[in-house]
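The lines below spell out each chain.
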Amino acid sequence: MKNITGIMIYYYFVCKRKLWLFSNEITMEHESDNVMLGKLLDENSYNKEKKHIMIDNTINIDFIKKWEVLHEIKKSQSMEEASVWQIKYYLYFLKKRDIKVEKGILDYPKLKIRKEIILEKEDIKYIEEILKHINDIINTEKVPEFNILKICKNCSYYDYCLS
Ligand code: SF4
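Note that the coordinates shown come from a computational prediction; the quantities given were computed from them, not determined experimentally. Residue numbers restart at each chain and count upward from 1, following the sequence in its written direction. For a predicted model such as this one, the threshold for reporting local features is a pLDDT of at least 70, and the threshold for listing and counting side-chain atom pairs is 80 or more; totals across whole chains, interfaces and linings nevertheless cover every residue. Side-chain metrics in this entry use all non-hydrogen atoms of the structure; hydrogen atoms and water are not considered.

**Brief notes about helix α4 (residues 80–96)**
Helix length check: α4, at 17 residues, gives a terminal C-alpha distance of 24 Å against a target of 24 Å (1.5 Å per residue), a fit within 8%. We count a stretch as a helix when DSSP gives it H or I for four or more residues in a row; a strand needs E for two or more, and each element gets its number in order from the N terminus. D98 sits one or two residues past α4 and shows a positive phi near 60 degrees. The span you would expect from a helix comes to 1.5 Å times its residue count less one.

**Thoughts on the site of the ligand**
For this purpose, a residue is taken to be near a molecule or strand whenever a single non-hydrogen atom of the residue falls within 4 Å of it. Neighbouring residues of the ligand: C15, R17, K18, F146, N147, I151, C152, C155, Y157, Y158 and C161. Secondary structure elements with two or more residues in the shell around the ligand: α2 (16–23) and α6 (158–162).

**Overview of the packing of aromatic side chains**
Only Phe, Tyr and Trp rings are paired, with Trp represented by its six-membered ring, and only when their centres lie within 6.5 Å; those with planes under 30 degrees apart are stacked, over 60 edge-to-face, the remainder tilted. According to the stated counting rule, one finds seven aromatic pairs in the structure shown. Between Y11 and F22, the aromatic rings sit 5.2 Å apart at their centres with planes inclined by 85 degrees, giving edge-to-face as the arrangement. With Y11 in helix α1 (residues 6–14) and F22 in helix α2, this residue pair connects regions lying 11 residues apart in the sequence. Burial classification: accessible surface area is computed with a 1.4 Å probe over protein chains only, and a residue below 20% of its type maximum counts as buried, one above 50% as exposed, and the rest as partly exposed. The class for F22 is partly exposed, based on a relative accessible area of 27%. Ring plane angle 85 degrees and centroid distance 5.3 Å describe the contact between Y12 and F13, whose orientation is recorded as edge-to-face.

As structure tokens, this is what we get:
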């Protein structure tokens, strides 16, 4: 079974086809959201925090403040549901390893907006269902069908999907 990363949780909500392509190591050289966000983070006001923390070679947290609050940086609110579940997954992942982190913050530095994210009891069951569903999706041989979405034009797989 593959490790499920935070970005896979994010893609689960964004596009199942993208999730499959990414998880099956089909990558595009195009500048990805990740790279852009990494730049944004490095160039902005978070220099004093612990940044890009990789845990168990699976989740990569943008930064954590005193091991109490973790932050995920996004540039726009367009995929907010995906971002919220990505953070909840990080909180879940850490909780499973007895690392107590109080909450997550969804950070939009360019918009100067921050949202507090808590892992609720009922979220745990839902995350476990998502993990099973992700495993089913990424382990099938066939890539999920291409259905054009609003976000396609900004997706690094756009040319691939159109071809
Ligand atoms: S181009 Fe659209 S359908 Fe294809 S992977 Fe990206 S978001 Fe999904």
